[in-house]
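Chain by chain, the residues run as shown.
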Amino acid sequence: MRAILVALAVIAAAAPELGWAQAKSGSKAAPANETRYFTALDGLMDGNADVILKESRQGKTVTGATLDVCYPTAKNSDRKDRFVVNLAVNGQSLTGTTQSNGAKEPVSVKLTRKPNGDTFEFRGQITIGKTVTEVASTDNSDISEKEFQESQSSDDGISAQPKDFTDVSPEAVSVRLKLDAVVDFLKSLKGQDVEVSLSSLNVTCDALRAGEQTISMTVDPERAGALIAKARAMNGVVTAGWTAGMVEMDRAIRFAAADWRDGDKINKDKLAAAISDVLAKTYAAKPTSAAWNPVTGKLKLTLKRPSQLMPALELTDVIEVSGLVSADKPGGTDALMLWISSPTTTTIDEAAGGKLVLSDESSGDEESDTRDDGGAIEELAKALKAKRWDADNSVWK
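Residues numbered from 1 in each chain as written. Predicted model: local features only at pLDDT ≥ 70, side-chain atom pairs only at ≥ 80, totals over all residues. Heavy atoms only, no water.

Taken together, Leu309, Met310, Leu313, Leu356 and Leu358 make up a surface patch of nonpolar side chains, about 480 Å² in accessible area. Overall, Leu313 belongs to the partly exposed group, its relative accessible area being 36%. (Patch = residues over 30% accessible without salt bridge, like charges linked within 9 Å, V, L, I, M, F, W, Y side chains within 5 Å. Areas by Shrake-Rupley, 256 points an atom, 1.4 Å probe, with all protein chains shown as cover. Salt bridge = Lys/Arg side-chain N within 4 Å of Asp/Glu carboxyl O. Buried < 20%, exposed > 50% of the residue type's maximum accessible area, 1.4 Å probe, protein only.)

All right, on to the sheet that holds strand E10 (residues 169-178) then. What the 4 strands build is an open sheet, ordered E11-E12-E10-E13; its pairing is antiparallel. Looking along the sheet, the strands with just one partner apiece sit at the ends: strand E11 (195-196) and strand E13 (237-243). Seen against the sheet, helix H5 (residues 221-232) touches E10, strand E12 (212-218) and E13 and runs at an angle of roughly 170 degrees to E13. (Pairing = 2+ DSSP bridges. Helix = DSSP H or I, 4+ residues; strand = E, 2+ residues; numbered from the N terminus. Contact = heavy atoms within 4.5 Å. Axes fitted to C-alpha atoms, helices over the stretch in contact; angles between N-to-C directions.)

What the 9 strands build is an open sheet, ordered E8-E7-E6-E5-E4-E3-E2-E1-E9; its pairing is antiparallel. The two strands at the open ends of the sheet, each matched to only one other strand, are strand E8 (131-140) and strand E9 (143-144). By the bridge criterion, 2 bridges tie strand E1 (residues 33-38) to E9 in an arrangement that is antiparallel. Opposite Tyr37, over in E9, you have Ile143 as the bridge partner.

Attention now goes to the pairing of strand E22 (residues 387-390). Pairing between strand E14 (residues 252-256) and E22: 2 bridges, direction antiparallel. Residue pairing in the sheet places Ile253 in a bridge with Arg388 of E22. Sheet analysis places E22 next to strand E23 (residues 395-396), joined by 2 bridges and oriented antiparallel. Of the residues in E23, the one forming a bridge with Trp389 is Trp396. Connecting E22 to the antiparallel partner E23 that follows it, the hairpin turn spans 4 residues, and Ser394 within it adopts a positive phi of roughly 55 degrees.

So, on to the packing of aromatic side chains. Evaluated as defined, the whole model comprises 7 aromatic pairs. For the ring pair Tyr71 and Phe83, a centre distance of 6.1 Å and an interplane angle of 55 degrees mean the geometry is tilted. You can see Tyr71 sitting in strand E3 (residues 61-72) and its partner Phe83 sitting in strand E4 (residues 80-90), a full 12 residues away along the chain. For Phe83, a relative accessible area of 0% puts it in the buried group. On the numbers, 5.3 Å between centres and 70 degrees between planes, the contact of Trp389 with Trp396 is edge-to-face. The buried category is assigned to Trp396, whose relative accessible area is 18%. Among the aromatic side chains, those forming a connected cluster through ring pairs are Phe38, Phe120 and Phe122. Positioned above the aromatic ring of Trp260, the side-chain terminus of Lys270 is 5.1 Å from the ring centre. (Phe/Tyr/Trp six-rings, centres within 6.5 Å; stacked < 30°, edge-to-face > 60°. Lys NZ or Arg CZ within 6 Å of the ring centre and 35° of its normal.)

Here the focus is the packing of helix H6 (residues 268-283) against helix H7 (residues 376-383). How two helices pack is summed up by the angle between their axes together with the distance between the axes. H7 packs onto H6 with a crossing angle of 135 degrees between their chain directions and a minimal axis gap of 10 Å. When the interaxial angle is binned, H6 and H7 end up oblique. Between H6 and H7 lies a crossing of right-handed hand. On H7, the residues touching Ile275, Val278, Leu279, Thr282 and Tyr283 of H6 are Ala376, Glu379, Leu380 and Ala383. Class assignment of the residues belonging to the contact of H6 with H7 gives a composition of 7 nonpolar, 1 polar and 1 charged. (Parallel < 35°, antiparallel > 145°, perpendicular 65-115°, else oblique. Left-handed = near helix turned anticlockwise from the far one by under 90°. Nonpolar A, V, L, I, M, F, W, Y, C, P; charged D, E, K, R; others polar.)

With 29 residues, the main nonpolar core has Ile253, Phe255, Ile275, Leu279, Leu338 and Leu384 as its most contacted residues. Where this core is concerned, the elements lending two or more residues are E14, H6, strand E18 (299-306), strand E19 (315-327), strand E20 (335-340) and H7. With 7 residues, the single largest contributor to this core is H6. The residues touching Phe255, leaving out its near neighbours within four places in the chain, are Trp260, Leu271, Asp334, Ala335, Leu336, Leu338, Leu384, Lys385 and Ala386. Leu189, Leu324, Trp339 and Trp396 belong to the second-largest nonpolar core, a separate cluster that totals 28 residues. (Core = buried A, V, L, I, M, F, W, Y, C linked by side-chain atoms within 4.5 Å.)

A few words on the state of the cysteines. If you walk through the whole model with that rule in mind, you get 1 disulfide. Disulfide partner of Cys70: Cys205, at an S-S distance of 2.1 Å. Here Cys70 and Cys205 share a disulfide; its torsion about the S-S bond, -85 degrees, makes the bridge left-handed. With Cys70 in strand E3 and Cys205 in helix H4 (residues 205-210), this pair connects stretches of sequence that are 135 residues apart. Residue classification places Cys70 among the buried residues on the basis of a relative accessible area of 0%. (Disulfide = S-S within 2.5 Å.)

On average, residues of the protein score 90 in pLDDT, and 90% of them reach the 70 mark or higher. Low pLDDT, under 50, characterises residues 1-23; the stretch is placed with 0 contacts to residues that sit more than four places away or in other chains. Every residue in residues 365-370 is under pLDDT 50, and counting partners more than four places away or in other chains gives 8 contacts. (pLDDT = per-residue confidence, 0-100.)

On to unusual backbone geometry, then. Of note, Lys385 is a non-glycine position whose phi angle comes to about 50 degrees, a positive value. In this structure, Lys385 sits in the loop between H7 and E22. Exposure remark for Lys385: the relative accessible area of 76% places this residue in the exposed category. With a phi angle near 55 degrees, Ser394 is a residue other than glycine that sits in the positive phi range. Here Ser394 is to be found in the loop between E22 and E23. Under the relative-accessibility criterion, Ser394 is labelled partly exposed at 48%.

Printed below as a string of C-alpha cells:
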C-alpha cells in the first residue's frame, strides 16, 4: 500500500511538467518561407516594360526582393536593355540601386508596396540615367514558384536530329547561341546563300534573361545539313538544327527519287516541268514561268488563263504557286518530299489597247488562296505516284 501511495505522489508531481510539455508541442509553428512572383506592373514605362518582381517571404512578411526589368532603349525602339536590382526591404518600402546591363546607366528604385485584399499596389519611382518613371500600379496578383517556372519554360522548336521532315521543315534552320557570339556568327553568313529572318535579329527580353538568342534562317534543303554542321563547330553555339517552316504536311507528297535525280542532285528543271504540266491541267491554265530560288531552294511557278469573271473584257487570271522539294529526311534517302502552296490568283487586264485598272479587295481574305486549288495535291500525287501524309496515323499512305 505504501508503494502505491509513493507512485501516485511521483505522478502528481510530474503532472504540471507533462502538461507544459504538451502545451509547448501544440504551439503554433513559425510561418513558412516561400518565394512569390509578380510578372507585371501595370503601366510601367507606358506599358512597354517586361517586369519580374521576385519576393522572399516568411508568412506575409517580405524578407527580400529582386526586381528584373527589361525595357526599350528608346521610345518605339525594338532594342532592349535590362537591369536586375536587389531591393532592401524596410516595412512597406523597397529600395535599391544598380546599373543597366547594356548602356551601363545608373538605376535607382524606390517603391512602396501595399497589400490590398488579394492583390498588391506598388507606387514610387524608377530612375534610369536621367529618365524618371512614375510607378502607380494597382491590382497586381502574385504567383508561386511552380507557376512562375511553368510560365517561363519554352521550347525553341529546334530539332538537332529529326528522324524525318514531317515535324520540321527541310529549308528552315535555327541556331541558338550565347549572346556574345551572335554578331560573329551573323558576320560569318555574309556573302553566303542563306536568308536570315530579320525578326530573329531582335534581342528579346527572354533572350536577355537567358543569355542566349536564336537566329532563324532559310536555306536550300540540299545545303541545310552542311550549314547546321558548320554552325555546330562555331564558338558560342548552344544547338543547331531544323525547325518549323513553310512545309505543311496536308499539302505534301512523298515519292521515289530515282527518276528525278542526276547523280546525287535533284533534277529540278525536270521536276518543275512535271509539276507545271499537272497544275496547268488542274487549273486550266498555261505555264508561263518556273524559277528556283538559289538561296532558299523555293520554286515559284506562274500560270495564266482567261478570266471567266466577265469574258467580254478579255481579262487574265495570273496564278502563282510556291513549292519546295527535298529528301524526305536528313542525310538523303531514296525518296523525295514535295510541298506545294495554295495558289494565289490575281486578275489583270492584258488585252490590247487601254488597260482596266483593277483592285482586289478579297486579296487579304484567307479563303482567296484556296478558291482555285482544284485538287492539285491529289493530281500531283497521281502523276508522281506519290503518297500523302495521314495525320491521324502519322504515316505516309
